[in-house]
Amino acid sequence: MIRVLVVEDDPVAADAHQMYVERVEGFTVTAVAHTRAAAVRALERTPVDLLLLDLYLPDGHGLGLLRSLRASGHGADVIAVTSARDLAVVREGVSLGVVQYVLKPFTYPTLRDRLVRYAEFRGAAGEASGQEEVDRALGALRVAHPAALPKGLSGPTLEAVTGVLKESPEGVTAAAAGERLGISRITARRYLEHLVTVGSAARRPHYGQVGRPELHYRWLASGR
């Protein structure tokens, strides 16, 4: 099993990240930390192979934590989970051992793909027979083309529906989402159900005074 430490200051996001990781075969979450200091304590107590590391922590930048780990000789790999898009930060992270970047917000399939690729890279062992085998091992970390959306769904509309969910922490119905976006309730529900399927949203019935209960959808994936 690949042992993972989740470092994320938002408790709801941390729970989602832990759930995502533990859905991937071969991975287990050994601890969750909400601050840099808590991450250091967890690393002192528990062997860890991989950090799922948020870069924006309340008591310091994630790369600062990583620099201190490298200085102390800790060799755990890192997948950065962040909204940071500064390529200078990306380059520094790579120099410190960040093997993958996952930009917030993201869905379960996105993280699953990165974890599966990391496991393949980590599993490479023995002596390479030549350049091709070295390239193949390093290529395991490269990201393939994004998976196509289900037939009939479009990227811009999915982004718009996602925006409505993120702006509605109390939840939103398909009818309300459709009204805000100028699309039909049925269309909005298709996109909302897709977000539930990929693990980015949850749904629950809301019982009114009369009639059938309405489904309320709530955003789950993290983002800043």
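Scroll up to find the structure.
Residues numbered from 1 in each chain as written. Predicted model: local features only at pLDDT ≥ 70, side-chain atom pairs only at ≥ 80, totals over all residues. Heavy atoms only, no water.

A. Layout of the overall build of the protein. On a plain count of helices and strands, the protein comes out with nine helices and nine strands. Classification of the 224 residues of the protein by burial places 42% in the buried group. Here the protein displays about 12,100 Å² of accessible surface, and carbon together with sulfur accounts for 53% of that area. (Helix = DSSP H or I, 4+ residues; strand = E, 2+ residues; numbered from the N terminus. Buried < 20%, exposed > 50% of the residue type's maximum accessible area, 1.4 Å probe, protein only. Areas by Shrake-Rupley, 256 points an atom, 1.4 Å probe, with all protein chains shown as cover.)

B. The side chain of Thr82, seen in detail. Relative to the helices and strands, Thr82 resides in strand β6 (residues 77–82). When sequence neighbours within four positions are dropped, the list of residues in contact with Thr82 reads Asp54, Leu55, Tyr56, Tyr101, Val102, Leu103 and Lys104. (Contact = heavy atoms within 4.5 Å.)

C. Fine view of helix α7 (residues 155–166). With 12 residues, α7 should cover 16 Å at 1.5 Å per step; its first-to-last C-alpha distance of 16 Å lies within 8% of that length. Those residues of α7 not exposed but buried are Leu158, Val161, Thr162, Val164 and Leu165. All buried residues of α7 fall inside an arc of 155° around its axis, so they share one side. Residues of α7 that are exposed and angled more than 90 degrees away from the buried face: Pro156 and Glu159. Those residues of α7 hidden inside the fold are in contact with α8 (174–181), α9 (185–197), β8 (201–206) and β9 (214–219). (Expected span 1.5 Å × (residues − 1). Arc of directions from axis to C-beta.)

D. The arrangement of the packing of helix α2 (residues 36–45) against helix α3 (residues 62–71) in detail. At their nearest, the axes of α2 and α3 sit 10 Å apart, and the two run at 30° to each other. By the angle between their directions, the pair α2 and α3 is classed as roughly parallel. Crossing handedness for the pair α2 and α3: right-handed. Residues Arg36, Ala39, Val40 and Leu43 of α2 touch α3, and the partners they reach there are Gly64, Leu65, Ser68 and Leu69. A breakdown of the residues in the contact of α2 with α3 according to their chemical character gives five nonpolar, two polar and one charged. (Axes fitted to C-alpha atoms, helices over the stretch in contact; angles between N-to-C directions. Parallel < 35°, antiparallel > 145°, perpendicular 65-115°, else oblique. Left-handed = near helix turned anticlockwise from the far one by under 90°. Nonpolar A, V, L, I, M, F, W, Y, C, P; charged D, E, K, R; others polar.)

E. Just the pairing of strand β3 (residues 50–54), in detail. Here β3 lies mainly inside the structure; five of its five residues are buried. Covered by surrounding structure in β3 are Leu50, Leu52 and Asp54 together with Leu51 and Leu53, the residues of both alternating faces. Of the pairings in the sheet, the one linking strand β1 (residues 2–7) to β3 comprises four bridges and is parallel in character. Of the residues in β3, the one forming a bridge with Leu5 is Leu51. With five bridges connecting them, β3 and β6 associate as parallel partners. Counterpart to Asp54 in the pairing with β6 is Val81. (Pairing = 2+ DSSP bridges.)

F. Just the sheet that holds β1, in detail. What the five strands build is an open sheet, ordered β2-β1-β3-β6-β7; its pairing is parallel. Looking at the sheet topology across the chains shown, the edges are occupied by β2 (27–33) and β7 (98–103). With direction set aside, neighbouring strand axes in the sheet form an average angle of 20°. With five bridges joining them, β6 and β7 adopt parallel strand pairing. Bridging from a neighbouring strand, Val78 pairs with Val98 of β7. Strand contacts of α3: β3, β6 and β7, with the helix running at about 150° to β3, the strand carrying the most contacts.

G. Local environment of the nonpolar core. Grouped together as the largest cluster of nonpolar side chains are 25 residues, with contacts concentrated most on Leu5, Leu51, Leu53 and Leu55. Setting aside anything within four residues of it in sequence, one finds Leu55 in contact with Gly60, His61, Gly62, Leu63, Ala80, Val81, Thr82, Ala84, Val89 and Tyr101. With 19 residues, the next largest nonpolar core counts Val29, Ile79, Val81 and Leu111 among its residues. (Core = buried A, V, L, I, M, F, W, Y, C linked by side-chain atoms within 4.5 Å.)

H. How the structure looks around the pattern of salt bridges. With the rule as written, the count across this model stands at eight salt bridges. Ionic pairing is found between Glu92 and Arg67, a salt bridge with its closest N-O pair at 2.3 Å. Highlighted residues: Glu92 in helix α4 (residues 87–95) and Arg67 in helix α3, separated in sequence by 25 residues. When its relative accessible area of 31% is taken as the criterion, Glu92 is described as partly exposed. Overall, the relative accessible area of 41% leaves Arg67 in the partly exposed class. Residue Arg114 is joined to Asp113 by a salt bridge in which the shortest nitrogen-to-oxygen separation is 3.5 Å. Judged by relative accessible area, which is 14%, Arg114 ranks as buried. (Salt bridge = Lys/Arg side-chain N within 4 Å of Asp/Glu carboxyl O.)

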